[in-house]
Amino acid sequence: MRLRGRLFRLATGRATHASDLADELTLHLDLLIEELIGEGMDPVGARREAERRFGDRYRIAKTVQVIDARARGATRRTEHMQRLLQDIRIAARSLIRQPGFALGGVLIVALGIGASTAMFTVLNAAFLRPFAYPDADRMVYLWEMSNKGTRMSVADLNVTDWSTETRLFPRLGYFSGTQVILSETGDPEYLRGAYVSRPFADVLGLKPMTGRWFSEDEARKGGPPVVTIGEGLWRRRFGADPSLVGKIIHLDGEPVTVVGIMPRTFNFPSDADLWRPAEQRIRGTSRTAHNWRVVARLAPGISAETAQRDLSAATRRLVADEKPDDFVATGALVIPFRDQLLGDSRKVLLLLQGAVLLVLLIAAVNLTNLTLARAVRRQGEVGVCLALGARRGDIIRRFAAENLLVTLTGGAAGLLLAGVLRGLMGSWIARMLPFVKDLPLDPRVAGFAMALAVLVGLASSLAPAWRASGGLLTFTVTRGGTSGRSSRRLIDLLMSAEVALAVILVSGAGLVGRSLLRLSGVDPGFAVAGRAVMDLPLRTGAGSPTPTEESVALAYDRLLAEVRARPGTIAAAITSALPLWSDNPNGSAQVEGTPSANGGPPTVADFRIVSPDYFRTLEIPLRKGREFQESDVVGAPYVAVVNEAFVRKYLGADDPFGHRVRFPGMDSGNDPWAAIVGVVGDNRQDALVNQPEPAIYYTYRQRLGWGHALVVHSSLPIESVLADLKTRLAAVDKSLPFTGRAWSDVVHDSLALPRIRSVLLGVFAAIALLLSAAGITAVVAFAVAQRTREIGLRIAIGAPATAITMNGVVRAARPVLAGLVVGVAGALALGRLAGSLLFELKPGDPVTLLGAVGVTLTVALVAAYVPARRATRIDPLIALRAE
Amino acid sequence: MPPQPVDLLQGTLEFLVLKTLSWGAMHGFAIARWIRKATDNALEIEEGALYPALHRMERKGWIESDWGVTENNRRAKYYQISRLGKEQLRREESSWTRYVSAVSKIMVAARGQT
C-alpha cells in the first residue's frame, strides 16, 4: 500500500504533492477551530486564535516543501539503484542457469580485452604519461638537414651560433653521448654519459638533488675537470654517500671532481649516468663535423613550425660561405620532444594496437553471435515477457544487463591478463623505447579496459535484443520453424566477419614473421659461428700502461700474438669496426684523379681500421690483389683495401690498383694518399637490414689510435675462450671492463626488435584464430541443436554418417568462404600499413596471403567438423520424441 | 548519541513525536493534542512547527505515512512509527534518562551545599 502511494505520487508529480500538503495543514487548522468553537469561542475569534497558535502557514508550507523535495531526490536515487541491483540479480540468475554462455563469454572477452589492454599499457606509457620535465610540450629537438633531406647531428660552429637565437629558443642545450670507464668501488664498468652544455639542465627544467650544476667557470674551454652523476649510479656504485659531492673520482683513469647529484628523473639522454661540461670539449671550428644533439625550449608564442622556418633561414645564412657538400646543412629541423623520443616506434605501436583491436573486434563479434544464438533459444521466454506487458526497452535492458555482467567480469579478468602480459613485454619496450621506464596499470589503463568492456557488452547485446524483442507472439507457437531465418542470416554475416578479420591478422603476422625469417637468413658477408668478441679500448695518457699510440699498437701486437698462441685459436684480429658491434664512422673520402679530390661530389665511404688477419678471421673473401701484411707498417708504403661496393660505386670498370685514396679529416694525423692494394667482399655492417656500403680499410699499424675490438675464432667452446680473454685483458690493463660475448649472441640480439614484433603479431593472430574457431564451432553446434529432430529423422531413415557430418560442415562453408574473400581484400588494403616492418617482402605477397587463407580455412573446417560430427551421434528415438 | 545543543528543541520535538506515535498511527492534529495532554500544556509550541518535523522524520525513515479518513470522513495523513523509528526512540529514551538524571544530580548537589 505504501509503495503504491509512492508510485502514485511519483507518477502524478509535484502539483498533487502541493495540494496534499495544503490538505494536511488545512485539516489541522479546521480541527483546531472546531476544538476552539467546542470550548465556546465564536467562529471568527476561533479562526483568529487557531491561526495564531498554528503559526505562519505559508512559511511552514515552504519549509516542508523544501524537506520533501530533498526526500524525493534521495528516493529517486535509491529506486534507480534498486532497479539496477534487480537487473543485475536477474541477469546473474539467468546466466547461472546456462553457465556455458557465461563462461565462454567471459573467456572470449578476457582474451580480447587482455591483449588490447596490455598493448594499451605501452601506448599509455609512451604517448600519454607526462614526462618528468616541466612543460615538456614546449621542448623540442633540433637537427640540421642535409641536401638529401636526411637529418644530421649539429656541427660545432652551428650549435654555438644557434645558441644565440634566443628569440626562438630562450634556452638551448647541446649534448653528445659518450662512454667512460669507472674502475673505482668495484669491477671496472662502462658507463654511459654525456657531454652537455651548461643550459642543458635548464632546458630539462630540473635541478640537482645534492650539490650544484656546472658553474660558468667550469663550462668553458680549459675549465677544471668536473662531473655530475645520476642518482642511480650514486646509489649503486657509491652507496648513496652523502659526502660524495666535492670528492674526486676517476673516469677513464683521469681525476674528476663530483659537483652534483642529479635526480633519477634527469635521466637524459636515456641511460646516461653522468654528465660533463660540453664547453670544455667543443672545438667550434667546423660547420661539417656533426658532433652534437640539441634540445631547446620554444619561446612563448613561437610554434615549432615558425621556429623551424626561421632557424632554417638563419642556418642557410651561416653556411653561405661553405663549399657545398653532403655534410653542409641546407636547413634545420625542429621536432617536438616526445615525437623525437618515439621516433619510428610510433608507427609500430599504433600498428600493433590496431592489430590487437581487430582481435577484440573478433571477440565482440563472437559474443554477439553467442548472444544471438541464445536469443533464438530464448524466444519462448521473451515471448511470455512481451505477452505479460514488458516493453521492448525492458527486454533490451535485460539482455544488456546480462552481457554487461559477462563483459565486465571478462574485462576485470582481461585487466589481470594484461598485468601478466605487461611483464612479458617489459624487456622489449626497454629496448625500443628506452625512455619508458615502466608500464603502469594506472587508472587510465583500468578505465580503458572497463570502457572496452562496456562497449563490447552493449554492442554485443543490442542487435540480438532488438531482434528478439521485435518478434510477434506467434513466434512462441511456431518455434523451430521460420523463427530463426533472419537471425541465421545475421549469425552467418557475423561468422564471415570473424573469418575475414582472422585472415587479415594471420596474413599480417605471416608477413612480419616471414620478414624475420628472411632477415635471419640474410648472408651477412662474414662468418659468425665460433667467434668471441670483446672491446679492447687501450688508452693513451698518463697513468695508463700504454701511454702513447705507439705503445698501444705494441700492446695490440703482443695480445694478438698471445691469443694466437692459445690452443684452439684458428685466427684472431683487431678492428675499429666490428660489424653489429662497433660504431661505424663514415665520411667524405677522395679518389686521386677524380672530381672528388678537387672539390667535386665527395666519395662517401665507411672508415674501417683492421689488423692484417681481419679478413681471414671473419672469412670475408679477398676478390683481388692482397690483404694487409705484417710488413705494412709506419714508414712502409701507405696502403688501403676497399670493398666491392666501393669499386662498383666509385671506380666502375677501372682497375682499382691504379688508384690512390685519401680520407681527410677522420683523425688528427696527416693524411697521405694510400694505394689500393686489394678488394674484399661486401658485408652488412650496422644492421642486417642495411645493404652493404662502400668502405675503405686501413691497417692498424699505419693508422694508430683508434678504439678497437678483438675477435677470436677458436675451436674451443666459446665460454672457455671468453674466460681466457678476461684474464688476458686484466693482464694488459686491469682497469678495463670486460665486455666479451659470443658473436652469434650479438647477431641474434640485433634481431630482437623484429623478433618480438613477430611474436606479438603471431600471438595476436593465434588468439584471433582461436576466437574465430570457437565462434564457428558454437554456430555449427547451435545449428545442429536447432535441427535435432530433422537430423534424428534422417538418421532414422538411414542417412549415412558422412552425409550428416557434411551437412553440418556445409552449413558453415558459405559464410567461411565469404569471410575468406573479404579477408583477402582487407589484408591487401591494410597490408600497406605494415610496409615499413617488412624486409624484402611486398605487403601483397601472394605466398603469404595464400598461406593465411589456407591456415584460416583449415582451422575453420576443423572448427565446423567437430560439432557436425557430434550430430551423427544423435539418438533418433530421443530426437523424435522431443517436443 | 552526543547531545547537539543547537538542535535541542528540534531533537526534543522529534523525541516527543516518536514517543507519541509508539502508541499507534495518528494524524498531525491528534499528535499535537496528545503531546499537549501528556505534558499538561507545559510545552507550548507553535503547532505548525510540528509539520516540518514530521516530514523531516519521514525522510529519515523514522516514521511512515499513509492517507486515510478521519471519523468525520475527512481525508487525513496518518503517521506511524517505523522499525528504524523504534530503534531511534530506544536510543533517545536512554540518553534522555541519562541526561535528566545527570542534571537532577547537579541540582541535588547544589542544594546540599547551600
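Definitions and limits used
- Residues numbered from 1 in each chain as written.
- Chains lettered and ligands numbered in written order.
- Predicted model: local features only at pLDDT ≥ 70, side-chain atom pairs only at ≥ 80, totals over all residues.
- Helix = DSSP H or I, 4+ residues; strand = E, 2+ residues; numbered from the N terminus.
- Contact = placed C-beta atoms within 7 Å.
- Pairing = 2+ DSSP bridges.
- Buried ≥ 20, exposed ≤ 12 C-beta atoms within 10 Å, placed from the backbone.
- Expected span 1.5 Å × (residues − 1).
- pLDDT = per-residue confidence, 0-100.
- Nonpolar A, V, L, I, M, F, W, Y, C, P; charged D, E, K, R; others polar.
- Core = buried A, V, L, I, M, F, W, Y, C linked by C-beta atoms within 7 Å.
- Axes fitted to C-alpha atoms, helices over the stretch in contact; angles between N-to-C directions.
- Parallel < 35°, antiparallel > 145°, perpendicular 65-115°, else oblique.
- Arc of directions from axis to C-beta.

A.B. asks: Looking at this structure, I do not really get the overall build of chain B. What am I missing?
C.D. replies: Along chain B, the regular secondary structure elements total 4 helices and 3 strands. When the elements of chain B are put in sequence order from the N terminus, they spell out α-β-α-α-β-β-α. Long-range contacts, defined as pairs at least 24 residues apart, comprise 47% of the intrachain contacts of chain B with a sequence gap of at least 6.

A.B. asks: Looking at this structure, I do not really get the sheet that holds strand E2 (residues 63-69) of chain B. What am I missing?
C.D. replies: Strand pairing within a sheet occurs via backbone hydrogen bonds; the two strands may be parallel or antiparallel. All names here are of chain B. Judged by pairing direction, the sheet is antiparallel, and its 3 strands sit side by side in the order E1-E3-E2 without closing on themselves. Both edges of this open sheet fall to strand E1 (26-27) and E2, since each of them pairs with a single strand only. In this sheet, strand E3 (residues 75-81) lies alongside E1 in antiparallel orientation, the contact comprising 2 bridges. Paired with His 27 across the bridge in E3 is Tyr 78.

A.B. asks: Honestly, unusual backbone geometry in this entry has me stumped. Any pointers?
C.D. replies: Glycine aside, negative phi is the norm for most residues, and most peptide bonds take the trans geometry. All names here are of chain A. Of note, the bond from Phe 268 into Pro 269 is cis; its omega dihedral lies within 30 degrees of zero at -5 degrees. Structurally, Pro 269 is set in the loop between strand E9 (254-262) and strand E10 (274-277). The residue Asp 135 is not glycine, and still its phi comes out positive at about 50 degrees. Here Asp 135 is to be found in the loop between helix H5 (99-128) and strand E1 (139-145). Unlike most non-glycine residues, Glu 619 shows phi in positive territory, near 55 degrees. By the element assignment, Glu 619 lies in the loop between helix H18 (614-618) and strand E17 (622-625). By C-beta crowding, Glu 619 is classed as partly exposed, having 15 other C-beta atoms within 10 Å.

A.B. asks: What should I look at first to understand helix H3 (residues 43-54) of chain A in this one?
C.D. replies: An α-helix turns once every 3.6 residues. As a result, residues three or four positions apart point the same way. Here H3(A) spans 16 Å end to end across 12 residues, near enough to the 16 Å set by a 1.5 Å rise per residue. One or two residues past the end of H3(A) sits Gly55(A), with phi positive at roughly 100 degrees.

A.B. asks: Looking at this model, I keep getting lost on the pairing of strand E16 (residues 603-610) of chain A. Mind explaining?
C.D. replies: Sheet faces and side chains relate simply in a regular strand, where the side chains alternate between the two faces. Residue and element names in this part refer to chain A. Counting buried positions along E16 gives 7 out of 8 residues, so the element sits mostly inside the fold. Two elements, strand E15 (residues 586-591) and E16, share 4 bridges in a ladder whose sense is antiparallel. Residue Ala 589 lies in a different strand from E16, and its bridge partner there is Thr 603. Note: E16 against strand E21 (residues 695-699), 5 bridges, orientation parallel. From the neighbouring strand, Arg 608 faces E21, where its bridge partner is Tyr 697.

A.B. asks: Explanation requested: the confidence of the model for chain B in the structure shown.
C.D. replies: Predicted coordinates in areas of low pLDDT are best not read in detail. Residue and element names in this part refer to chain B. Of all residues in chain B, 82% attain a pLDDT of 70 or more, and the chain-wide mean is 79. Across residues 1-8 the pLDDT falls below 50, and counting only partners more than four positions away or on other chains, this stretch makes 5 contacts in the model. Scored as a complex, the prediction yields pTM 0.71 and ipTM 0.83.

A.B. asks: How do you make sense of the interface of chain B and chain A when you look at a structure like this?
C.D. replies: You'll often see interface size given as the accessible area lost when the parts meet. Facing the 19 residues of chain B at the interface are 21 residues of chain A. Of all the secondary structure elements, the ones that give two or more residues to the side of chain B that touches chain A are helix H2 (28-38), helix H3 (50-60), E2 and E3 of chain B. Here the residues of the side of chain B that touches chain A sort into 6 nonpolar, 4 polar and 9 charged.

A.B. asks: I tried to follow the nonpolar core on my own but got confused; where do I start?
C.D. replies: The tendency in soluble globular proteins is for nonpolar side chains to be buried as a group. All names here are of chain A. Ranked by internal contacts, the top residues of the largest apolar core, which has 115 residues, are Val 359, Ala 363, Leu 505, Phe 764 and Ala 768. Not counting the four nearest positions on each side in its chain, Leu 505 is found in contact with Ala 355, Leu 358, Val 359, Phe 764, Ala 765 and Ala 768. Counting residues in each nonpolar core, the second largest holds 59 residues, with Met 534, Phe 607, Val 610 and Val 661 among its members.

A.B. asks: Sorry if this is basic, but what is going on with the packing of helix H11 (residues 345-377) of chain A against helix H22 (residues 752-786) of chain A here?
C.D. replies: How two helices sit against one another is set out by the angle between their axes and by the gap between those axes. Residue and element names in this part refer to chain A. Axis separation between H11 and H22 bottoms out at 10 Å; the angle between their running directions is 10 degrees. Classified by the interaxial angle, the pair formed by H11 and H22 is roughly parallel. Looking at the contact of H11 with H22 residue by residue, the classes come out as 20 nonpolar, 4 polar and 1 charged.

A.B. asks: What exactly am I supposed to notice about the environment of Leu511(A) here?
C.D. replies: Residue and element names in this part refer to chain A. Considering the arrangement of structural elements, one finds Leu 511 in helix H16 (residues 485-520). What makes Leu 511 buried here is the crowd of 28 C-beta atoms within 10 Å. Spatially, the C-alpha atoms of Leu 511 and Gly 260 are 51 Å apart, while their sequence positions differ by 251 residues. With residues up to four places along the chain from it excluded, the contact list for Leu 511 reads Gly 831, Ala 834, Leu 838, Leu 841, Pro 843, Asp 845 and Thr 848.

A.B. asks: In this structure, what is going on with the confidence of the model for chain A? I would like to understand it.
C.D. replies: Residues and elements named next belong to chain A. Per-residue pLDDT for chain A has a mean of 86; in total, 95% of the residues score no lower than 70. This stretch, residues 1-15, has a pLDDT under 50; its non-local contacts, to residues over four places away or in other chains, come to 7 contacts. Ignoring residues within four places in sequence, the model shows residues 472-483, a span with pLDDT below 50, making 15 contacts including any to other chains.

A.B. asks: Would you explain helix H23 (residues 788-796) of chain A in this entry?
C.D. replies: Residue and element names in this part refer to chain A. All buried positions along H23 are accounted for by Ile 791, Gly 792 and Ile 795. For H23, the angular spread of the buried residues around the axis is 100 degrees, confining them to a single face. One or two steps after H23, the chain reaches Gly 798, where phi turns positive at roughly 100 degrees.

A.B. asks: Just checking my understanding: could you explain the environment of Val258(A) for this structure?
C.D. replies: All names here are of chain A. With respect to the element layout, Val 258 can be found in strand E9. Residue classification places Val 258 among the buried residues on the basis of 21 C-beta atoms within 10 Å. Spatially, the C-alpha atom of Val 258 lies 17 Å from that of Glu 279, the residues being 21 residues apart in sequence. Look past the residues within four positions of Val 258 in its chain and what remains in contact with it is Val 227, Ile 229, Leu 244, Val 245, Gly 246, Lys 247 and Ile 249.

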